[in-house]
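Structure at a glance
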2 protein chains.
Amino acid sequence: MKIAVDAMGGDFAPDEIVLGAIEAAREYQCNIILVGDQVRIQQLLDLHNANDLRLSIHHASEVIGMTENPTSAFRKKKDASVVVATRLVKEGKADVAISAGSTGAAVAAALLGLGRISGVERPTIATPMPNLTGITVLLDSGANVDSKPKNLLQNAIMGTVYAEKILGITNPRVGLLNIGEEANKGNELVLETYPLLASAPVNFIGNVEGRDIPKGTVDVVVCDGFVGNVVLKFGEGLASAIMTLIKQEIEAQGWLTKLAAALVLPALRSLKRKLDYAEYGGAPLLGVDGGFIISHGSSKAKAIKNSIRVARDMVDKSVVENIKQSLLKDGEITNGEVR
Amino acid sequence: MKIAVDAMGGDFAPDEIVLGAIEAAREYQCNIILVGDQVRIQQLLDLHNANDLRLSIHHASEVIGMTENPTSAFRKKKDASVVVATRLVKEGKADVAISAGSTGAAVAAALLGLGRISGVERPTIATPMPNLTGITVLLDSGANVDSKPKNLLQNAIMGTVYAEKILGITNPRVGLLNIGEEANKGNELVLETYPLLASAPVNFIGNVEGRDIPKGTVDVVVCDGFVGNVVLKFGEGLASAIMTLIKQEIEAQGWLTKLAAALVLPALRSLKRKLDYAEYGGAPLLGVDGGFIISHGSSKAKAIKNSIRVARDMVDKSVVENIKQSLLKDGEITNGEVR
């Protein structure tokens, strides 16, 4: 298996990206192609004594910045690292690509470079979120704002494949993110989506509310990309704020509590790990015709290593092929139209 | 000052509602009118030896349930407690009303019973959310799904009045909830709203992301009611899940940590208080022509007491009058049209 990693994308690129790839190459059975500035990547491989691992470099001379317009950057910068990594997948020289760079640029590179799976109108980002008992997959978490009902239907089908194949959940429970549980609640989008999900070949459990995500009462949560992205970033911020507040509160309580806090530290560290996005690896971009993983912009080595693990699983479990079959099953969806 | 409290609305009505009113009557300088079943309320006042306080009962024979259609219930049940409490405000017999019953029924009762402030197209629920340094007001948090740009503009203006008058924030920072900071990010709604906010008489700081709410880098966050409601409930669920996880982690660590945890308990309790919606009182429904506070459905006595405090502040600081003036200021908004 060959995994192409955009070594130049992300807040800590290329140093942390290359380091994460080195750790993955040591731990997992896969070949990793680092795409980007040959000289800088080679320096990092030398620094970490990583020249004997199954890592290779594919030079790319350009980088797409975080503030560039994704589509026009894709068209102009033919030799950008994310564009080249995607091209390796398209040409069969890699099985899956990973990027921690601009999400917009990654979506554009994947969509324009790999094309959509036949019948898929819009690709979707499937983000795993920790809950009290395991993982809930939220999709779409930002690829497609102003979603239409059939986009949400396809999210439900693709999310079901992801939950089954990657998370190992049998018959995953699919919920429609809404402001109340009753079928007559919600905005225009969810009111029109509800009947589509009710008759779709997924285990639809009805409307769910925001609180159901951390509770873990649902495995696949379907929503518009605007809503999903806001929820995701709010959750990251809230979890981080709560950890800060715990520290502040303990410090305000004096030395005896500080001593006690030192003893409680293992529990807090374990909690932090549970809430840490880096543990769960990247979010696959589903609906494009090839493997593509979007890693968090602030990914450090651990997050990249875990993204590589998810990328490997995606290929191992033939997620893209399974999505193609699920979308065609029962003739439910053909040529992007819902019958 | 007279505050009408819907004694029959909420998961723990009437017991906890009446108890909260009793506590408020003991602590604050205001007259409280308990609206609902005279016999049951009187029994509770007797039980708590509360007959010497500034509490009175206004009988209402009906109750609107959580699953009833709000508008038709409003029209059919003329003597429902929430309808009667609202009528007392309309007739000048109370200055403000509070309900912890069905949010839909409360919004319908307030909207149809009090009418809208001239120029306001849709009322909005302004929910105070705790952050690292204080409070952020989120609006709309559920009154108005499928909002239009001018609804969001009015939310910004009304939220500014609320933050200034009730939270005591000078020149509150107003942010538009979005999926990125750049002005060209977002869905159709926020793209059209951005220029309206940029030229509005508020301290608009631009787009903010979900993570900015817990960080406390913004005082007033403007969004569609669907998005706001999902965020609010997700936040409640996540905070509660994190507290559960902390307990689980500590229990998994053995007796020494349990001992230590006992010492850390004051810190955790203090944290829980900071995250507890009940501490912040209810969420005012802004844009209706009269004072109206929506309390959380699972309100217990403490939440009701704090809602009564917020209701008192709303009247003391003439929030409704101030909103009327702000909406007319500079002829910015007239007859519901944005010029």
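As the structure is a prediction and not an experimental result, all values here were calculated from the model.

Moving on, we get to the interface of chain A and chain B. Put simply, an interface is often sized by how much accessible area is lost when its parts join up. With 50 residues of chain A at the interface, the matching set in chain B holds 50 residues. The largest contributions to the chain A side of the interface with chain B come from I179(A), F226(A) and F234(A), which together make up 14% of the buried area. For the pair chain A and chain B, the interface holds 4 salt bridges. As a salt-bridge pair, E209(A) and K233(B) come within 2.4 Å of each other at their nearest N and O atoms. Summed over the shared surface of chain A and chain B, the result is 8 residue pairs in polar contact (both at pLDDT 80 or more). Elements represented by at least two residues in the side of chain A that touches chain B include exactly α7 (188–198), α8 (212–215), α9 (225–252) and α10 (255–275) of chain A. Examining the composition of the side of chain A that touches chain B, we find that 19 residues originate from one element, α9(A), more than from any other. Looking at the side of chain A that touches chain B residue by residue, the class counts come to 29 nonpolar, 13 polar and 8 charged.

Overlaying chain A on chain B yields an RMSD of 0.0 Å, the required transformation being a rotation through 180 degrees with an accompanying axial translation of 0.0 Å. Within this description, the copies of the chain are treated as partners about a two-fold rotation axis. Closest to the rotation axis within chain A is the C-alpha of A260(A), separated from it by 2.2 Å. The overlap is high: 98% of the interface residues of chain A also sit at the interface in chain B, so the same surface is used on both sides.

Hydrogen bonds between backbone groups are what pair the strands of a sheet, and the pairing can be parallel or antiparallel. All names here are of chain B. Within the open sheet, the 7 strands sit side by side as β3-β2-β1-β4-β12-β11-β5. Their pairing is mixed. The sheet is open, and its two edges are formed by β3 (55–59) and β5 (124–125), each paired on a single side. Judged from the 2 bridges that link them, β5 and strand β11 (residues 283–286) form a sheet pairing that is antiparallel. Considered in β11, the bridge of T124 is made with L286. Strands in contact with helix α2 (residues 38–47) are β2 (31–36) and β3; relative to β3, the strand with the most contacts, it is inclined by about 160 degrees.

Residues and elements named next belong to chain A. If you walk across this open sheet you meet the 7 strands as β3-β2-β1-β4-β12-β11-β5, and the pairing is mixed. The sheet is open, and its two borders are formed by β3 (55–59) and β5 (124–125), each paired with just one other strand. Pairing between strand β1 (residues 2–6) and strand β2 (residues 31–36): 5 bridges, direction parallel. Note on β2: the bridge partner recorded for A4 is I33. Of the strands in this sheet, β1, β2 and β3 are in contact with helix α1 (residues 15–27), which crosses β2 at around 170 degrees.

Parameters and conventions
- Residues numbered from 1 in each chain as written.
- Chains lettered and ligands numbered in written order.
- Predicted model: local features only at pLDDT ≥ 70, side-chain atom pairs only at ≥ 80, totals over all residues.
- Heavy atoms only, no water.
- Contact = heavy atoms within 4.5 Å.
- Buried area = accessible area lost by both parts, 1.4 Å probe.
- Salt bridge = Lys/Arg side-chain N within 4 Å of Asp/Glu carboxyl O.
- Polar contact = N/O pair within 3.5 Å; in protein donor to acceptor, adjacent residues only side chain to side chain.
- Helix = DSSP H or I, 4+ residues; strand = E, 2+ residues; numbered from the N terminus.
- Nonpolar A, V, L, I, M, F, W, Y, C, P; charged D, E, K, R; others polar.
- Least-squares fit on C-alpha atoms with pLDDT ≥ 70 in both.
- Pairing = 2+ DSSP bridges.
- Axes fitted to C-alpha atoms, helices over the stretch in contact; angles between N-to-C directions.

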